[in-house]
Each structure stands twice: as C-alpha cells, then as structure tokens.
Amino acid sequence: MISGNIDGIRKRILDELETIFEIKTPKYQIASQEITDLILRLSGETEREISVAIDRRGKVQEVTIGDSSSVSLPLLDVKERKLSGTRIIHTHPNGNPRLSALDVSALVKMKLDCIAAIGLGEEPTMVLGFLTVDEGRLAAQATQPMDIQSALSFDILDRITFNETLMKQGESISEPEERAVLVGIDTEDSLEELRELAKACNLPVADIVIQNRERPDNAFFVGSGKVREIGERLQLTRSNVVIFDDELTGTQIRNLEEQLGVKVIDRTTLILEIFARRARSREAKLQVELAQLKYRMNRLIGLGTVMSRTGGGIGTKGPGETKLEIDRRRIREKVTDLTRELTKITGVREVQRENRETNEIQKVSLVGYTNAGKSTLRNALYEISSKDSVVKEKVFEADMLFATLDTTTRAIALRDKRIITLTDTVGFVRKLPHDIIEAFKSTLEEVVFSDLLVHVIDASSDDAYKQAITVDSVLEEIGCGDKDTIIALNKVDKGLSFVVDDIRELYEGKHKIIEISAKNGKNLELILDMIMETLPRTHSAIEVLVPYSEQKLLSSIRARGTVIAEEYREDGTYVKAEVPDRDLYMYEKFLIGGNE
Ligand SMILES: Nc1nc2c(ncn2[C@@H]2O[C@H](COP(=O)(O)OP(=O)(O)OP(=O)(O)O)[C@@H](O)[C@H]2O)c(=O)[nH]1
Ligand SMILES: [Mg+2]
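Computed from a predicted structure; not experimentally measured.

Undergrad: Describe in detail the packing of aromatic side chains, supporting the description with residues and values.
TA: One pass over the full model with this rule turns up 2 aromatic pairs. When the centroid spacing of 5.8 Å and the interplanar angle of 25° are considered together, the rings of F130 and F154 count as stacked. A residue pair is termed long-range when its members are at least 10 positions apart, and F130 in strand β6 (residues 125-134) and F154 in the loop between α4 (148-152) and α5 (156-169) qualify at 24 residues. When its relative accessible area of 21% is taken as the criterion, F154 is described as partly exposed.

Right under this line is the structure:
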C-alpha cells in the first residue's frame, strides 16, 4: 500500500512504487541502490516527494508519496534512550539536499536511526542526518551533501550503533532545548529588547546577527550573504531557532526555513507567544488565541509546513493547545467559534462593569513597559491594603465581582476606607503591531475606563526614558494620553539611572512623581495616599441614626457604601459609613454630627 497523496498518480507509477516493498536493503546501507534509483526516477517524473521507511533488518516498512511540502511519515513507536529502528530516505524535488526544518524535527521527534534527503537534479546529491547525544542532550547531526555513490557506501549501521551507545550512557536525555539566533536590520537596541522578549519565553539567545540594509529582501528579508552567515552561526552555536526582529511574510519564512533547516519565527509571533503565556483572564486568552490564529492564517504557507510534522515549541502552540491542525478551513471555523465565545464573555464583563459602576468603585490601572515591576507593585499594594481586617471582608467581596473572569484585577482599600480596583496590564513593548493592540483591547479596555493610571517605570534602567516615551505613545494611541497619571519611579533600591533627570523633566508640572521600591516596600503607603488624593472624591463619610422603622435605608448603605461603625441604640441604628455623594440626599434627614 502506498500512503500519502496518490491523487492523480498514474497506475504504472503506483505499481512501480509497490515493487519497492520487495527490495531488500543491506543493513549498513541507507537504502539499496535499486530503491535509490527508483525513487529518484519516479520522484523526477511526478515532481513529488517520495519517502521510504526501512527497518533495521533492511525491510521496507512504508512507501509514501506527497507534494513537495507534505509527506506524512509513518507512525513510530518512540522509546526512551533508544532509536526507533527506522531509517527514512526521501527526495527533495526542489533540488536542495539539505535537511529541512521538517526533516530535522522528524528525526528528533521520531528518534529515527537516520534520515536521508536526496536533492533531485542532473547530479543528485544526498545528505544524511543522524541523532546523536551532545552534552547530555539529543542533537541532530548532518553530513555535507555527497554524491549518491558515496552516500550509499556510508556505513550508517556503525554510526547508529555508536549513537545508541551514547544514548544508553546518557544521564539525563531530553529533547533538545530551543536556542535562538536573533536577526535584525534595525538598531542594536531593538535587538536587545528582542533578546529580553526571548528570555521571557525561556528561550536562550546564543547569538545576534545585524544587517544594515535599507530595504528588506522580498525572498529572504536579508541578503543571501547574510543567510549564509546566519546558517554558520546556527551551526557554531548549535541553535535551532531563528528569530527575526521584524515581521516576515509567509514566503520569507518558508524560504528561510528551507535554506537554514531550522524553525524561523518573527517578532510578532514571539510577542503573541508571550502574551499567550501571560494572558490570565479567559477573555484575554481567547483574544490572544484569536490573534495567533489570524496571524498564522495569513502566513500559512510558511509555518504550516513545519507544523504538519511537529507540535510544540514557540509559534506552534496556541494557549492551552498542544497541537493545532493547520488547515485554513479549520482555522476559520475556530476563529468563528472563538469570536462567538468572546462576544458572550464580553457581555458578562459588561454586566460586571455596570455592577462595579453602580457601586462606584473607582478604577486604577498600572501601566508601563515590560519588566517595570507592575505585577510586583500590584501584589505589594494588595498585601498592604488587606492587612486591615475591618476592610478585608469588603475587599474580598469586591474582589469576587470579577475574580472569576479576570485575575489581573484586585480590589484594594485606601486609608479613607474607599475600595478601589487595581488592574495590572500586559507590559508594553516597542513595535507593538497594530493588530496586537486590537487583540489586547480587553486588557487595555480597563485602562480606557480607568479613573487614574499609575505609570510604573524601572528607574534603574538606562533605557527608562525611551521606554516611558513608548508607553506614552501607546497610551496616546488608545486615547488615554490626558488621563490623570501618577509616575512611579520604581526599583530605587537598585539605584537610579542617569536618565531619571530627563524623565522628571518630561513629567514635571504634568503628573505627580514618586520614587518607590515595589520590592522592599519603600514609599508604598505614600503612593497609596497619593492615589487616594488624586482620585476624584465621590464618597463622603456620614454618621446617621436610622430609626428602626427605616431599616431599608441600612441595606442601601451596606450595599452602596462602606460601613465603618455600627451600633444598636434605643432610638435606632447608629451608622458611620462612606456613601456615594449622589446618595447623600437619602440620608439627610437622619444625619447626626454632620458630614465631612
Ligand atoms: N530590585 C527591584 N526589583 C524589582 C522591583 N520591582 C520589581 N522588581 C523585579 O523586576 C522584575 C519584573 O517585575 P514584574 O512585576 O514582573 O514586572 P512587570 O512590569 O509586571 O512586567 P511585565 O508583566 O512583563 O509587563 C521582577 O524580577 C521583579 O522581582 C523593585 O522595586 N526593586
Ligand atoms: Mg506583569
């Protein structure tokens, strides 16, 4: 049985392919001369990739025919610390014998004994790839292109036995980790940031390649000399991912993957991956997944090929999904489903927001560059404010309003007993693509509806000034440029950078500025007070004596305000509380002492 895409293949060719099952291969040879000649000829005639799987005794297990971009590989039983006992020889109708990213990942994922690729052409050449162990990790190893005769006389059994011994000795053998080479035509600054982004994805960066070029190359984004240089760096550093600083087209990704033989991703894919890992609320997760799908759909030709054989790794996983079937129709269905679910969730959020609004809970959002310390600050402020057990319950109650959907928002109490919400946002980065801003409307929406922003700046970083400007321009873009803002110069425990003076100058007279350390607690009480003073006052403290005949009023105080003290007296209930200003008229009759 011939597997794969046999549509439109003539019967004569299928019959010839069928004869391959009868041909024995010597154990030491990648494939017998006869099999090699046959697939070379038939692959040339059909212009399709042909792949033959052979077991260790030299018996053919499977013959597969595909298009140039897809050949399904046999399902193999992969055992730990052992190779699978299967070798695969296949053709590359495009003439390039080098192992593609697909080939390498097939080799690793299926623990193949050997994978051989033959580049078709007048003088066909072959590359052999083996799985070996390097510094305790599985690693792929490929030969230089050889002519067919040299390749067929290569004693692969010797190599396989050797590699398998290494594997058995190996202390801890794991899948090879991803390691990246970064490429950009922009400034080193931008690449430094890309390195940070990669780090946020637990992707170590082994090397950086910079190219000064005005206009990106259509086919490869960078010039052909650079492609070679990237290839060399990959080999030298044994890296297996290339990350481009700018957006690539599907064609560029495909071309680069073909040439370099490793996975190629771009900045946007990386940012989306980080967002996917960071998204906390159900809505944000869906938004990111949607953005990932859409971004991928437009670049299917490129990423699709890699993903058809492998799963896992950056750029191939949506949040909560291990394997995505890449097929335009499927994606489109998924996009529709997600959109529907999102609409539902947005509805629920609306209700929750209304709830909060009628309760007049004021909203504060923490914004700032990635790594500025927003999340640390939010947690620290939450800790401080929930120390007071009187307000703790109220905070908890308010928290429950949205905790189920969105863990980025917490309720906290100010010193004047006002309950407010504090929302953490995803860190901003440079070159945030526009469709991502769209995808992040769910997080940024909170910013738009906020009464006050706290712009957190890593004041110990020499990049702080540039980062602050980037954040400002994104805020401007979402129409929040004029919002009340407190500038929090964070990480002062690490010492201030020389750029802090410039930052002060930038905001002087415009915003309040405060130095804090979210980590060691410096000035945190102070920033809470600053928040308290800056937030427009909408509540007043009252003292009332509510007659027992008017107990209805008590429930309204409890529901819409914050009770500070309560006492049952002879002539009614004495209550000290914070209530929304617009409710004041209801309590006028019962005021005692007078309100502040
Ligand atoms: N020394 C020092 N480190 C801090 C301080 N605040 C935060 N950090 C550290 O800075 C790093 C980033 O902090 P996060 O709170 O995750 O930063 P973030 O702004 O939420 O980052 P994103 O979520 O990526 O946008 C962490 O390693 C924190 O421990 C501080 O006041 N002093
Ligand atoms: Mg954070």
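Further notes follow.
Undergrad: Let's hear about the sheet that holds strand β9 (residues 180-184): which residues, and what values?
TA: Ordered by their spatial adjacency, 4 strands build an open sheet running β10-β9-β11-β12, and the pairing between neighbours is parallel. In this open sheet, the two edge strands, each paired with only one partner strand, are β10 (205-210) and β12 (263-266). Sheet twist, expressed as the mean angle between neighbouring strand axes with direction ignored, is 20°. Across 5 bridges, the pairing between β9 and β10 is parallel. Opposite L182, over in β10, you have I208 as the bridge partner. Packing against the sheet, helix α6 (residues 188-200) makes contact with β9, β10 and β11 (241-244), and its axis sits at approximately 155° to β10.

Undergrad: Outline the nonpolar core, listing residues and values.
TA: Formed by 50 residues in total, the largest nonpolar core has its most connected members in L17, I20, I30, I35, I89, M126 and L128. Tallying contributions element by element places β6 first for this core, with 6 residues. Setting aside residues up to four positions removed in sequence, I30 forms contacts with T25, I54, R87, I88, I89, C114, A116, M126, L128, A151, L152 and I156.

Undergrad: Which residues make up the side chain of Q467, and what are the values?
TA: On the secondary structure map, Q467 appears in helix α17 (residues 464-477). For Q467, the contacting residues outside a window of four places in its chain are Y369 and S461.

Undergrad: Break down a negative patch on the surface for me, citing the residues and quoting the values.
TA: Together, D501, D502, E505 and E508 make up a negatively charged patch on the protein surface. On the secondary structure map, D502 appears in helix α18 (residues 500-507). Judged by relative accessible area, D502 falls into the partly exposed class, the value being 39%.

Undergrad: I'd love a proper account of the environment of R12, names of residues and values included.
TA: By the element assignment, R12 lies in helix α1 (residues 11-19). If we skip the residues at most four places from it in the chain, R12 touches R41 and E45.

Undergrad: Which residues make up the packing of α17 against α18, and what values do they have?
TA: One way to put it is that α17 packs onto α18 with a least axis distance of 8 Å and a crossing angle of 30°. For the element pair α17 / α18, the angle class is roughly parallel. Where α17 abuts α18, its residues A464, Y465, A468, I469 and D472 lie against D502, I503, L506 and Y507. A breakdown of the residues in the contact of α17 with α18 according to their chemical character gives 7 nonpolar, no polar and 2 charged.

Undergrad: Residues and numbers for the sheet that holds strand β16 (residues 452-458), please.
TA: Reading across the sheet, the 6 strands line up as β14-β15-β13-β16-β17-β18 and stay open at both edges, with mixed pairing between neighbours. The open sheet is flanked by β14 (409-413) and β18 (512-515), the only strands paired with a single partner. Strand-to-strand twist of the sheet, defined as the mean angle between neighbouring strand axes without regard to direction, takes the value 25°. One ladder, built from 6 bridges, connects β16 with strand β17 (residues 485-490); its direction is parallel. Counterpart to V454 in the pairing with β17 is I486. This element, α17, spans β13 (362-368) and β16 of the sheet and lies at about 155° to β16. Along the sheet, α18 makes contact with β16, β17 and β18, crossing β17 at roughly 175°.

Scoring rules and cut-offs
Residues numbered from 1 in each chain as written. Chains lettered and ligands numbered in written order. Predicted model: local features only at pLDDT ≥ 70, side-chain atom pairs only at ≥ 80, totals over all residues. Heavy atoms only, no water. Phe/Tyr/Trp six-rings, centres within 6.5 Å; stacked < 30°, edge-to-face > 60°. Helix = DSSP H or I, 4+ residues; strand = E, 2+ residues; numbered from the N terminus. Buried < 20%, exposed > 50% of the residue type's maximum accessible area, 1.4 Å probe, protein only. Pairing = 2+ DSSP bridges. Axes fitted to C-alpha atoms, helices over the stretch in contact; angles between N-to-C directions. Contact = heavy atoms within 4.5 Å. Core = buried A, V, L, I, M, F, W, Y, C linked by side-chain atoms within 4.5 Å. Patch = residues over 30% accessible without salt bridge, like charges linked within 9 Å, V, L, I, M, F, W, Y side chains within 5 Å. Areas by Shrake-Rupley, 256 points an atom, 1.4 Å probe, with all protein chains shown as cover. Salt bridge = Lys/Arg side-chain N within 4 Å of Asp/Glu carboxyl O. Lys, Arg positive; Asp, Glu negative; His and termini not counted. Charge placed at Lys NZ, Arg CZ, Asp CG, Glu CD. Parallel < 35°, antiparallel > 145°, perpendicular 65-115°, else oblique. Nonpolar A, V, L, I, M, F, W, Y, C, P; charged D, E, K, R; others polar.

In short, geometric facts, not functional conclusions.
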